[in-house]
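# Structural features, examined
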Amino acid sequence: MRKTLIVAACLLVSIGLGHRALAQEQEIDVPADAVAESEPLLSGWTFGLSGGWDENTPVITMPTYADKLQYLKNSGSTFGITAKYAFTKWLYGRADVMWVQKNYKMNRIAEGTSSAILNGEYTNNYLSVPVMAMVSFGYDFRVFAYFGGYAGYWNSGRRKGNSFSMNYLLYGDLASTEYDEGWGFDNTRDNRFDGGLVFGGGVAYTFLQHYEVSAEARYYYGLTDIQKDYMANRRPHYNSTLAVQFGAAYKF
């Protein structure tokens with residue numbers, strides 16, 4: 001009887017050790033792959049391209065003598081390269097180099113009428129560098145928001161429309177002259193530098209660990225006057241630009 005108990009105990013110990021070894025082997029092999037598939041890839045750098053549409057609204061307080069002069073919003077395009085660095089799973093630093101069009105329209109209404117004696121569309125091309133702090137939450141599908149500042153440089157422009165002749169001032173003649181020409185920089189009047197605040201947010205989706213697509217909206221709030229003090233009683237001119245962008249990026 002005693003020998004039987006000893007043999008049974010040995011068998012139980014052997015079965016227990018075998019089961020424990022099998023459990024350890026499964027614990028090493030299975031969860032490692034599962035974790036690798038479920039956890040998002042957290043790398044330092046992500047680089048990509050982004051582009052879309054924007055709408056610029058000139059912010060100008062007109063003096064009473066120029067109440068017939070109207071500055072109106074106009075649409076344009078934006079595109080460029082993006083870069084971000086992951087400090088943690090939710091905190092990023094981001095900097096972009098973007099080509100941003102900050103366009104506007106200008107009309108002047110004739111005295112005593114509703115007719116526009118001057119109307120034009122002005123295209124303004126800026127090279128802008130926004131630098132932002134970004135927070136991002138989620139796994140493969142992420143929601144993000146950012147805030148920061150931007151610095152821009154007015155590169156080139158174009159204008160088209162029509163203007164009245166001096167005969168209007170003398171004889172009331174509303175005949176106009178059409179134009180479509182390059183909008184050159186005037187060192188006396190224009191300010192090339194453009195700077196202010198930028199904030200926005202959007203959504204991003206990561207697939208195959210390294211690839212990311214995104215959609216976002218951002219707002220450029222201009223703090224610098226786009227013109228110099230070249231004349232008396234001049235009012236400041238600011239840009240206010242809303243952009244909608246779509247992007248594709250690669251995570252290293």
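Higher on the page you've got the structure.
Computed from a predicted model, the values in this text were never measured in an experiment. (Residues numbered from 1 in each chain as written. Predicted model: local features only at pLDDT ≥ 70, side-chain atom pairs only at ≥ 80, totals over all residues. Heavy atoms only, no water.)

### Regarding the overall build of the chain
Across its full length, the chain holds two helices and 10 strands. Counting from the amino terminus, the chain carries its helices and strands in the arrangement α-β-β-β-β-β-β-α-β-β-β-β. Expressed as a percentage of its 252 residues, the buried residues of the chain come to 35%. A sequence separation of at least 24 residues applies to 67% of the contacts in the chain between residues at least 6 apart. For the chain, the exposed area adds up to about 15000 Å²; of that, 62% sits on carbon and sulfur atoms. (Helix = DSSP H or I, 4+ residues; strand = E, 2+ residues; numbered from the N terminus. Buried < 20%, exposed > 50% of the residue type's maximum accessible area, 1.4 Å probe, protein only. Contact = heavy atoms within 4.5 Å. Areas by Shrake-Rupley, 256 points an atom, 1.4 Å probe, with all protein chains shown as cover.)

### Thoughts on the pattern of salt bridges
Counted according to the given criterion, the structure contains 11 salt bridges. Where K73 meets E55, a salt bridge forms, and the shortest distance between an N and an O atom there is 3.8 Å. Highlighted residues: K73 in strand 2 (residues 69–86) and E55 in strand 1 (residues 45–60), separated in sequence by 18 residues. The salt bridge involving R94 is made with E216; its shortest N-O contact spans 3.0 Å. Taken together, the positions of R94 in strand 3 (residues 91–101) and E216 in strand 9 (residues 211–222) put the pair 122 residues apart, joining distant regions of the chain. (Salt bridge = Lys/Arg side-chain N within 4 Å of Asp/Glu carboxyl O.)

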